[in-house]
Structures are given as structure tokens and as C-alpha cells.
Amino acid sequence: MNEPMADELVRCDDVSLVFDQHTILQDIDVSILRGQTVAVIGESGCGKTVFMKTIVGLVKPTRGTVSFDGRALNEMTLPELTQTRKRFGFVFQNAALFDSMSIYENVAFPIRQNEIASESDVQQRVMQLLSEVGLPAEVAKKYPSALSGGMRKRVGLARALILRPELIVYDEPTTGLDPIMSDVINELILETRRRYPVTSVVVTHDMHTARKVADRVLMFYPRRRLEAGESQVLFDGSPSDLENAEDRRVRQFVRGEAGERLKEISLESSSLSF
Amino acid sequence: MSEGTKAVSRFSTDSPLTRWVTDWGAAVVDGISMVGDITLFAWQMLQWLFTRLPRRGTMLINFYQVGVLSLPVVALTGTFIGMVLAVNSYQQFDILGLESRLGVVINKSLVRELGPVLAATMLAGRVGSAMAAVLGTMRVTEQIDALTTMGADPIHYLVVPRFLACICLIPALTIMADFMGIVGGYFYSVVIFGIDHAAYLNHSRENVTGYDLFSGIFKSFFFGGVIAIVSCYRGFHCEAGAEGVGKAATAAFVYSFVLILAIDLVLNILLDSLYYSFFPRGPSLL
């Protein structure tokens, strides 16, 4: 185990996760520095989302340690973990807004749950955040079912920011959005970073997002496709180096080339019997 | 084929016997594991119950959904059950010349057994399935994960209010089912069959005791608790997709109903033993 660095916010040491006899993550050693924006890329099923849920303590690793600000999450008591979680913001893939609450109540929920604040304070913070994410004040009274996908994601971002987190995690922030709305979300991620001193982890398939918002990229590869002794993190570097990465699989992913996967898929299909 | 070879093939991994043992073994292990999971789930809920109650607003919504919205359906089914009991029992009682005692059978059955079980069944069907579906949808759409990331405990926020609403309001629903059943039974016996009003009521008053009413209401607390815990558990452990939510809602009702009947049997045996140890000469129909 390496010595922790002074400006390290998140650290994964030898993290492995086995679910239903399938190894999803194996021996992951990653550290994320304060203020960094890290994009986690990789094909579907490679464990990106599980990794992200592991670093915020939603999923417990089968082996290894995840530390936040120098403290191991698995050594914390439940009240300590609850306190620590207030320092995280999480933007879910489909926003995960509470259907039974209005947009205002959704955004205000974390404050009401965790802080004693006057209603006027709550109102001021909610309206300010809605405006920061580019939503008009009238949206506050609406319910999530009345909003488009892009608006929901922006509400999800406002909700994640309301407790002024130190770490903000985005799960597929641009999935399912049109290119213009995707770029709006990318700009919001950048704007959030400029406005608040946050560390960000962005899990995405979208190479445009990874290149635009991240200053570091981690590429995960499905455990089952790795050869013996290979690390599951195939690439760890600057987005500008992705195109010329040494590993052929990284270049193929970045360029969107199926390569030998096409052969594997045709082999799999030919072995199917109807 | 030699005996030795036969023995090997009988216990090889592909043999039907091995598969049967494996399947049943897995089912038993899954069952034990689920009982353990539900117990831990209920324990976590009870810990919250005695340390911090949810906000009043969260509780009121659940109380309204469980109590107020269930009232009409419980009242309606209670009325019909009272009338059905009268229709089914009248013929035999009339043959024996005991029709004036019909009220005893109807009212005792209602307050001891049918009222609480009917209210619980209605609650399991109307509220339990809805709880499992709502919580299941929240699980599938990551709303439960969202609660956790925001520093809220999902069991405290989602399960405790539902549990409290069920155990606090099921006695009221039981009393409503009892009352409407009694009214329905009285209406059919006295107004339709023409049984003497005074005799019907007097016999009922003499034979239906406070203990009958108590035992019905006492059982209902257990029914309410089981419905809330089983339904919330099924919702929390919902499989992905629309099919998963559907399965969770169905399983919530089926498991709750089976458990209601099992608990009813056990509590009836206990309550009867208790009653007859205090009152060896209990009231008799004759």
C-alpha cells in the first residue's frame, strides 16, 4: 500500500468487489486529488458505476479499502458514514428525483434532512441553485414527471450541490440527451467546478464529455476480458493522450471501433440456437 | 454396468437426484437467508422507532394513505361479510329453532376473527402491495440510493412511517370492519329474515364478551406490523425493471396473507388458552 498524498481526497487500495460470484472490480488502486475532475470511461459492464458507488460508500467492497479525506469508509460507524456522506454530492443517471415531491422540495431535501436552517434560508438557497443550473423559478412548483430529461438532470445537479459538497459524482450525466443538451450539462459541470472548490468524478460513455470536462481520464475494462495479471484500469492519464494511448483497446474505445469485438459478437451469435 | 459405476452415476453432478437435492437445498438456504434478512430489516426499523421518529409531515401522508383511504373499502367489505354470514347460517339455525341466536354467531365471528382478518387482508391488498410497488420503483430508479447519499437513512425515512401507520390504524380499521359487519348481519337477520330484534340483540350482548373484542383488536396490531415489514422488505429488495416491481407487489400480498393466517392461528391458540385459564366456564351458545 502506498503512502497517502497530502492533497488526496479519495483513495482506493486494492479494492475488489464480487457480486453473485462475478468479479466486477479487482485490485483497483486509484487516488483522486482535491480539485481534480476525473472522467471514468469504459464499455458497458466494465464496473464504472459500481466503482463510483463504491467510492461514496453505497456499495461495500468485498476486499480492500476506500478512504475519503484520509479515513477508511469501512471503518466508520453508521453515524460517521452519514456525516461523511454530507460531503458528497451525487448526480444519478436518471436524476433519481423523488416523484412525490415538487422540484423545490427535492432540492431542499438534503438541507431539511441534515441542517437546521430557516425556511427563508432554504428558499434562498434553492432558488439560487435552480437559477445557477439555468432553470426558471416557475419550475420549483412543478413535479419531476412534468420535466424533460435535461431539466431533471439539472435539478439533480442543483440537489447535489445544495450541501456544498467536496466531492461530486456524476453518473452518465449526458446519457439520453440530445447533443445540445449534453453540451449544456458539460458546461454546467465546468461552471460548477469554477464556482465551487469541488473534486468531480464523471462516469461517462461520451468521449466528448470526457475530453471537455476532465483533466484526468481513467479507462476501466471488463474483468472477464482481461488477460492474467492485467490491471482493470487500462488507462490513467490526460484526455489529450487518449488518442495515442499505447494500449490498442483504449484507442479502439476512444475511436468507437468494434475491432475484434465484432468477431467475438458474431461467434457468440453463431453459437446461439433457436 | 457394474454396481460401482451405477453408484457413481446416481450421485454424479448431472443425475436427477443430485439436481433435486441441489435445487431443494438452494431453496431451503434461500428461505433461511430471507428470514434472517427480514429479521435484520425489522430490527433496524425497531431501532429507529425507539431512537428518532420521522417528521410529522412524512407520518401524516402515510397515516392518510393507510387509514383514511382504506376506510371505505374496509367498511364495504365488512358490511357484505356480515350479510353473507347471516345468509349462510340462517337456514341451519332456523331448522334447529335457534334463529334468535344467529346474532351471537355472526357478531362473535366478526369481532374475534373475520373483522381483524378482513381488515388485515384489505390492508395487505390495498396498502401492502402499493408499499412494495412504490418502494420497489424507488429502488429501481435509484431514489433509495439517492436518500442514502443525502445522509438520510432509507429505513428511517421510508419504513418507520409506514410501519407506524399500519400498526396505529389497523385497530381502527378492524373496529370499522366489526361495526359494519354487525350492522350488515343485523340488517339481513332482522329486516330481511324477520328475526326478533330484542332477542337477536340480547343473545349477542350476553355471549359476545369484551375479551372477544379485545382479542380481535390485539391480533390486528400483529397483522399491521407484519404487513408493513413484509411489504417494505419486498419493495427494498425489488428486482430490476417493471417485472421486478410487479413481482414485489404480488409477493408482498401473498407473503403477508399467509403470515396473517399463520399468526392468527398461533394467537387464537394462545388467547384461548389464556381465556380458559381465567374463565374455565366460558359463555356457551346454548
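The structure displayed is predicted, hence computed values, not measured ones.

Parameters at a glance
- Residues numbered from 1 in each chain as written.
- Chains lettered and ligands numbered in written order.
- Predicted model: local features only at pLDDT ≥ 70, side-chain atom pairs only at ≥ 80, totals over all residues.
- Heavy atoms only, no water.
- Helix = DSSP H or I, 4+ residues; strand = E, 2+ residues; numbered from the N terminus.
- Rg over C-alpha atoms; globule rule 2.2 N^0.38 Å.
- Contact = heavy atoms within 4.5 Å.
- Patch = residues over 30% accessible without salt bridge, like charges linked within 9 Å, V, L, I, M, F, W, Y side chains within 5 Å.
- Areas by Shrake-Rupley, 256 points an atom, 1.4 Å probe, with all protein chains shown as cover.
- Salt bridge = Lys/Arg side-chain N within 4 Å of Asp/Glu carboxyl O.
- Buried < 20%, exposed > 50% of the residue type's maximum accessible area, 1.4 Å probe, protein only.
- Buried area = accessible area lost by both parts, 1.4 Å probe.
- Nonpolar A, V, L, I, M, F, W, Y, C, P; charged D, E, K, R; others polar.
- Pairing = 2+ DSSP bridges.
- Axes fitted to C-alpha atoms, helices over the stretch in contact; angles between N-to-C directions.
- Lys, Arg positive; Asp, Glu negative; His and termini not counted.
- Core = buried A, V, L, I, M, F, W, Y, C linked by side-chain atoms within 4.5 Å.
- pLDDT = per-residue confidence, 0-100.

Our focus in this paragraph is the overall build of chain A. Within chain A, the secondary structure is distributed over nine helices and 10 strands. For a compact globule of 274 residues, the expected C-alpha radius of gyration is about 19 Å, and chain A comes in at 20 Å, within 12% of that figure. Its C-alpha atoms give chain A principal-axis dimensions of roughly 60 × 40 × 40 Å. In chain A, 65% of the contacts between residues at least 6 apart in sequence involve partners at least 24 apart.

All names here are of chain B. A contiguous nonpolar surface patch, about 460 Å² in accessible area, is contributed by Leu17, Trp20, Val21 and Trp24. Along the polypeptide, Trp20 turns up in helix H2 (residues 16–51). Exposure remark for Trp20: the relative accessible area of 54% places this residue in the exposed category.

On to the interface of chain B and chain A. On the side of chain A, 21 residues touch chain B, which itself brings 15 residues to the contact. Contact between chain B and chain A buries roughly 1,600 Å² in total, counting both sides, with carbon and sulfur atoms accounting for 58%. Looking at the side of chain B facing chain A, the largest losses of area belong to B:Glu142, B:Thr149 and B:Met150, adding up to 38% of the total buried there. At the surface where chain B touches chain A, the tally comes to two salt bridges. Where A:Lys53 meets B:Asp145, a salt bridge forms, and the shortest distance between an N and an O atom there is 3.2 Å. It is helix H6 (residues 143–149) of chain B that contributes the most residues to the side of chain B that touches chain A, six residues altogether. Considering only residue class, the side of chain B that touches chain A consists of six nonpolar, five polar and four charged.

Residue and element names in this part refer to chain A. Taking strand neighbours across the sheet as the criterion, the six strands line up as S6-S7-S8-S3-S9-S10 in an open arrangement whose pairing is mixed. Across the chains shown, the open sheet's two edge strands, defined by having one partner strand only, are strand S6 (88–91) and strand S10 (233–237). Here the strands of the sheet are splayed against their neighbours by 15° on average, with no regard to which way each runs. One ladder, built from five bridges, connects strand S7 (residues 167–171) with strand S8 (residues 199–203); its direction is parallel. Considered in S8, the bridge of Leu167 is made with Thr199. Taken strand by strand, helix H5 (residues 149–161) contacts S6 and S7, and its axis lies near 170° from that of S6.

Okay, the side chain of B:Asp178 next. All names here are of chain B. Within the fold, Asp178 resides in helix H7 (residues 154–192). Buried charge Asp178 goes without a salt bridge, the closest partner of opposite sign being Lys219 at 9.5 Å. When sequence neighbours within four positions are dropped, the list of residues in contact with Asp178 reads Leu110, Val111, Gly115, Pro116 and Leu213.

What follows covers the sheet that holds strand S2 (residues 22–33) of chain A. Within a sheet, each strand pairs with its neighbour through backbone hydrogen bonds, oriented either parallel or antiparallel. Residues and elements named next belong to chain A. Taken in spatial order, the four strands make up an open sheet running S2-S1-S4-S5, and their pairing is antiparallel. In the strand order of this sheet, the two ends are held by S2 and strand S5 (71–72), each with one partner. In this sheet, S5 lies alongside strand S4 (residues 63–68) in antiparallel orientation, the contact comprising two bridges. Within the sheet, the bridge partner assigned to Phe68 lies in S5 and is Arg71.

Residue and element names in this part refer to chain A. Position of Met219 relative to the elements: it lies in strand S9 (residues 216–220). Note on Met219: relative accessible area 1%, which makes it buried. Separated by 62 residues in the primary sequence, Met219 and Leu157 place their C-alpha atoms 24 Å from one another. With residues near it in sequence (within four places) discarded, Met219 still touches Ile41, Gly42, Gln232, Val233, Leu234, Phe235, Arg249, Val250 and Phe253.

Attention shifts here to the pattern of salt bridges. Think of it this way: side chains of opposite charge can pair up when their charged atoms draw near. The tally for this structure, following the rule as stated, stands at 30 salt bridges over all chains. A salt bridge links A:Arg249 to A:Asp247; its shortest N-O distance comes to 2.9 Å. Of the two residues examined, A:Arg249 and A:Asp247, each falls in the buried class. When the shortest N-O distance is used, the salt bridge between B:Glu239 and B:Lys247 registers 3.6 Å. One salt-bridge network, in which partners are shared between bridges, spans A:Arg34, A:Asp69, A:Arg87 and A:Glu166.

Here the focus is the nonpolar core. Ranked by size, the top nonpolar core spans 87 residues in total, and within it A:Phe51, A:Leu167 and A:Phe220 carry the most contacts. Per-element accounting of this core gives the leading share, 14 residues, to H7(B). Every residue in contact with A:Phe51, bar those within four places of it in the chain, is listed here: A:Cys12, A:Leu25, A:Ile28, A:Val30, A:Val40 and A:Phe220. Formed by 36 residues, the second largest nonpolar core is a distinct cluster that contains A:Val126, A:Leu163, A:Met181 and A:Ile185.

Here we come to the confidence of the model for chain B. Residue and element names in this part refer to chain B. Chain-level pLDDT for chain B is 89 on average; 93% of the residues reach the 70-or-more range. Counting interchain partners and residues more than four positions distant, the pLDDT-below-50 stretch residues 1–6 has one contact. Reported confidence for the predicted complex is 0.83 by ipTM and 0.83 by pTM.

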